[in-house]
Amino acid sequence: MTKATHAQRRRRYAAPKPDRRRPRTVSTFSALALVIATLSVVLTGSAANISDQIGTVSFGDGTHMVACAGREIGVTPAGASDVKVTCEYGVRRVGTAQTFFAAEAGTARTTLPAGTTAGTLLISSVQTSASSTVSMNGWTKAYDSVSSTRGLRLATWWRVAVPGEARPVATLSAPARVSMMTLAFTGIDPQAPLRSAATATGLTAPAGPGVDGGIWLHSLGAHGQKLRVTPPDGATSLGTLANGNMKTAQAVSTSESGVTPPSTWGAKRVRAAVAGLLSVGPAPKATIPPGAIAVAAGEHVDVSCAPLALEYEAVSATVVSLTCAGEESASPTATSSPTTTPTTTPTATPTTSPTPASPTATPTPSASPSSPPPPPPPPPPPPSGTCTDGITIPEGAGRTFSDESGGEYYVHNNNWNDNAGGSSVITACDYDSWSLVSDIPNHSDLSVQTYPNVHRDYNDAPLSQITSARFAATGPHCAGCIWNIGFDIWIGDGFSHELMIWTENWGQRPAGNQVGTTTIGGQAYTVWRNSSGDGGTMTYLSVTPQTSGTMPLALFFADVRARGWTPTTTWQVDYGVEVVDTNGNPERFDFTDFSITD
């Protein structure tokens, strides 16, 4: 089995989001004709404005030009002689929110959201101390506000991406605790992407009338011990980034002409806050070419050539030609158009140190036309007694749960690296009952891609306060897979001391070199370090897999102190799985017990 090298994590929270990969329906372009009955506008997870139209249009022999009055036409085959044509319009979120945070730093930087191309609107929000100002070279400031002279600062900047766009970088006038979230949007008006920007101290941002086809981006910077925040009514959370007692949150809601949106965040135990609100406007509607059948923005129609065969060809992003041929065929045929060019989605690169090398994708052999590749196998069925009907937590998102005493745990789908593609989805019934289905392709650098976990945050709690943790988890023993299940504990203030306890390892190799062996709590471990002295990552790799039990954390804290570590506090205790590779198949991990004794 190939050994992989552990890459150190630098993200506690990432922004919750809909699934990173947006499913597509056959063609990038297409749409078609005649409005019959228009239903209400809906907000999808990607913030696109698409309304439904019910109806059927029948064509006879010949070629027919159809044009979308929105921003993109789409065609989905529905049989040998039928297609569904849609006309999309409005602002849509691209990729996933990218995050950065540090206990103290003079600069903050994130990667670009996956799918960023020239013309994409980038928006970065930076939260830091009020005493430190924020600047972003080449970006335009949307707003910059402080809660008080000794409180917090929330600054939001924007920029329309250009070819070869560099990663967003924010510079602070003085090093301070800092958090940063970057989002990307397409379908925007390139001449005036922001229609309005407003901010205010407290939980409510000033709001005005919206614009059809646009979105509202809600932002919150807040401070408070054990702080909890919820988005304004009608808004969908894009994530909450925790950094000590600071929390930075983003949410999105649809924008409608003449309608003022709710703009007040919910919060518990908040000491200071700044709320911001941006109105993002849509691109102008497309012009309908002479002679083309017009499809109104946000509508769809079912088209039939029955009993003739149907062929379609993309003419441009908003125009398609449909041909009803003289013979029936097994399915509608898409004809490539010389005017369209496929867009390559850039690969995001982690921003923290050490940075995994950019992966080189393993070539996939081409399948014979007469023998298409079989679909990937479905994930294995869950073991009895595990979570099967919980909430879905997509990549980058998380969910807070409370134990019987009111203590909070956070289940986090932390795809902190994610440079090889693939997907990971959590189903959570509770903090001690959740499962993960991860599908990660082979990649040459063998870096950790994601660390889904459950964790508890501490406000620099003494290590002596934490004695043990109950745990239980199982993973797939699959050919070509590389992963490890274990604890990840941050000691001290920041990222200088990382303690890892691997309870089960499948093909992974800890960071650094083996420096010894030890027995703790009756279990034998090999000890690995990636640096000498006071700091770095220290990993205890269990010689025998442990799928459940009680981990004597206090004994590990004593052992790291005996090996030269001096910090005596912690701000987070995690338990989860580092996934490197699932050999391109969906594989299931089950976490069925977790509780910290503190």
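Up top is the structure.
I will try to describe carefully the structure that is included in this document.

Cut-offs applied
Residues numbered from 1 in each chain as written. Predicted model: local features only at pLDDT ≥ 70, side-chain atom pairs only at ≥ 80, totals over all residues. Heavy atoms only, no water. Helix = DSSP H or I, 4+ residues; strand = E, 2+ residues; numbered from the N terminus. Buried < 20%, exposed > 50% of the residue type's maximum accessible area, 1.4 Å probe, protein only. Contact = heavy atoms within 4.5 Å. Areas by Shrake-Rupley, 256 points an atom, 1.4 Å probe, with all protein chains shown as cover. Phe/Tyr/Trp six-rings, centres within 6.5 Å; stacked < 30°, edge-to-face > 60°. Lys NZ or Arg CZ within 6 Å of the ring centre and 35° of its normal. Pairing = 2+ DSSP bridges. Axes fitted to C-alpha atoms, helices over the stretch in contact; angles between N-to-C directions. Arc of directions from axis to C-beta. 1 Å grid on protein atoms, 1.4 Å probe; cavity = no way out; pocket = protein on both sides within 12 Å on 5 of 7 lines; lining within 4 Å. Points joined across faces, edges and corners; volume = space filled by probe spheres on them. Nonpolar A, V, L, I, M, F, W, Y, C, P; charged D, E, K, R; others polar. Core = buried A, V, L, I, M, F, W, Y, C linked by side-chain atoms within 4.5 Å. Salt bridge = Lys/Arg side-chain N within 4 Å of Asp/Glu carboxyl O. Disulfide = S-S within 2.5 Å. Polar contact = N/O pair within 3.5 Å; in protein donor to acceptor, adjacent residues only side chain to side chain.

Time to look at the overall build of the chain. Broken down by element type, the chain carries one helix and 41 strands. In the chain, buried positions account for 53% of the 598 residues. Within the chain, contacts between residues separated by at least 24 positions form 75% of all contacts whose residues are at least 6 apart in sequence. In the structure as shown, the chain presents an accessible area of about 23,800 Å², 52% of it carried by carbon and sulfur atoms.

With that out of the way, let us pick up the packing of aromatic side chains. In this structure the tally under the stated criterion is 19 aromatic pairs. Taken together, a centroid distance of 6.5 Å and an interplanar angle of 85° make the contact between phenylalanine 101 and tryptophan 571 edge-to-face. With phenylalanine 101 in strand 8 (residues 92-109) and tryptophan 571 in strand 40 (residues 569-581), this pair connects stretches of sequence that are 470 residues apart. For the pair phenylalanine 101 and tryptophan 571, a shared accessibility class is recorded, and that class is buried. Judged by centre distance (5.7 Å) and plane angle (85°), the rings of phenylalanine 471 and phenylalanine 487 are edge-to-face. Residue phenylalanine 471 is found in strand 32 (residues 468-474), and its partner phenylalanine 487 is found in strand 33 (residues 482-491); the two are separated by 16 residues along the sequence. As far as the burial class goes, phenylalanine 471 and phenylalanine 487 line up, both buried. Following the ring pairs from residue to residue traces out a cluster consisting of Tyr409, Tyr431, Trp434, Phe471, Phe487, Tyr575, Phe591 and Phe594. In this arrangement the basic side chain of arginine 456 is found over the ring face of tyrosine 409, its NZ or CZ atom lying 4.1 Å from the centre.

Bringing the pairing of strand 23 (residues 310-314) into the picture now. Burial along strand 23 is one-sided: the residues Leu310, Tyr312 and Ala314 are buried and none of Glu311 and Glu313 is. Here strand 23 runs beside strand 24 (residues 319-324); their pairing, made up of five bridges, is antiparallel. Paired with alanine 314 across the strands is valine 320, a residue of strand 24.

Backbone-to-backbone hydrogen bonds join strands into a sheet, with any given pair of strands oriented parallel or antiparallel. The mixed open sheet is built from nine strands, whose spatial order is 27-28-31-40-33-34-38-37-36. Single-partner strands in this sheet number two, and they are strand 27 (398-402) and strand 36 (513-520). Strand after strand, the sheet turns through a mean of 25° between neighbouring axes, direction not considered. The pairing of strand 27 with strand 28 (residues 408-412) spans five bridges and is antiparallel. Bridged to glycine 398 within strand 28 is histidine 412.

On to helix 1 (residues 553-562). Turning to helix 1, its buried residues are Leu553, Phe556, Phe557, Asp559 and Val560. In a view along the axis of helix 1, the buried residues occupy a sector of 160°, so they form one face of it. Where helix 1 ends, the next residue or the one after it, glycine 564, has phi of about 110°, a positive value.

The computed volume of the second largest pocket comes to approximately 750 Å³. Along its surface, the second largest pocket is lined by 37 residues, and Lys226, Asn245, Asp457, Tyr458 and Asn459 are the ones closest to its centre. If you list the elements that add at least two residues to the lining of the second largest pocket, you get strand 8, strand 17 (236-243), strand 18 (246-254), strand 28 and strand 31 (453-462). Of the residues contributing to the lining of the second largest pocket, the split by class is 13 nonpolar, 13 polar and 11 charged.

The five strands lie next to each other as 14-20-15-18-17, forming an open sheet whose pairing is antiparallel. Because the sheet does not close on itself, it has two edges, and the strands there are strand 14 (194-201) and strand 17. Sheet twist, expressed as the mean angle between neighbouring strand axes with direction ignored, is 10°. Across nine bridges, the pairing between strand 15 (residues 215-223) and strand 18 is antiparallel.

Once that is clear, we can look at the nonpolar core. Formed by 47 residues in total, the largest nonpolar core has its most connected members in Val411, Leu499, Tyr540, Leu553 and Tyr575. If one sorts the elements of this core by residue count, strand 33 sits on top with five residues. When near neighbours in sequence (up to four residues on either side) are disregarded, leucine 499 contacts Phe487, Asp488, Ile489, Ile491, Met538, Tyr540, Phe556, Phe557, Val560 and Trp565.

One pass over the full model with this rule turns up 10 salt bridges. Notably, a salt bridge pairs arginine 195 with aspartate 189, separated by 3.3 Å at the nearest N-O pair. The exposure class assigned to aspartate 189 is buried, which follows from its relative accessible area of 11%. Note that arginine 588 and aspartate 590 form a salt bridge whose closest N and O atoms lie 3.0 Å from each other. Looking at aspartate 590, the relative accessible area reads 4%, which means it is buried. A network of salt bridges, in which partner residues are shared, links Arg228, Arg269 and Glu408.

Right, let's talk about the state of the cysteines for a bit. Taken as a whole, this structure holds three disulfides when the rule is applied. The side chain of cysteine 478 participates in a disulfide bridge whose partner is cysteine 481; the two sulfur atoms lie 1.9 Å from each other. The S-S bond linking cysteine 478 to cysteine 481 shows a torsion near -115°; that makes this disulfide left-handed. With respect to class, cysteine 478 is no different from cysteine 481; both count as buried.

Attention now moves to the pairing of strand 34 (residues 497-506). Note on strand geometry: in a regular strand, side chains alternate between the two faces of the sheet. Of all 10 residues in strand 34, eight are buried, a share of seventy percent or more. Two strands pair when backbone bridges link them, and strand 33 and strand 34 are joined in this way by nine bridges, in the antiparallel orientation. By the bridge assignment, glycine 486 is partnered in strand 34 with tryptophan 502. The antiparallel pairing of strand 33 with strand 34 creates a hairpin that spans five residues between the two strands, and glycine 492 there sits at a positive phi of about 90°. The sheet contact formed by strand 34 and strand 38 (residues 536-542) spans six bridges and is parallel. Each residue of the ladder has a partner; that of leucine 499, found in strand 38, is methionine 538.

Attention shifts here to the side chain of serine 253. Tracing the backbone shows serine 253 in strand 18. The class of serine 253 is buried, set by a relative accessible area of 6%. A polar side-chain atom of serine 253 sits 2.9 Å from a polar atom in the side chain of histidine 218.

Residue proline 307 is bonded to the preceding alanine 306 through a cis peptide linkage, with omega at 5°. On the secondary structure map, proline 307 appears in the loop between strand 22 (300-304) and strand 23. Even without glycine at this site, arginine 269 takes up a positive phi of about 60°. Relative to the helices and strands, arginine 269 is located in the loop between strand 19 (266-268) and strand 20 (272-280). Taking the relative accessible area as the measure of exposure, arginine 269 reaches 44% and is therefore partly exposed. Non-glycine residue leucine 446 carries a positive phi angle of around 55°. With respect to the secondary-structure elements, leucine 446 resides in the loop between strand 30 (433-439) and strand 31.

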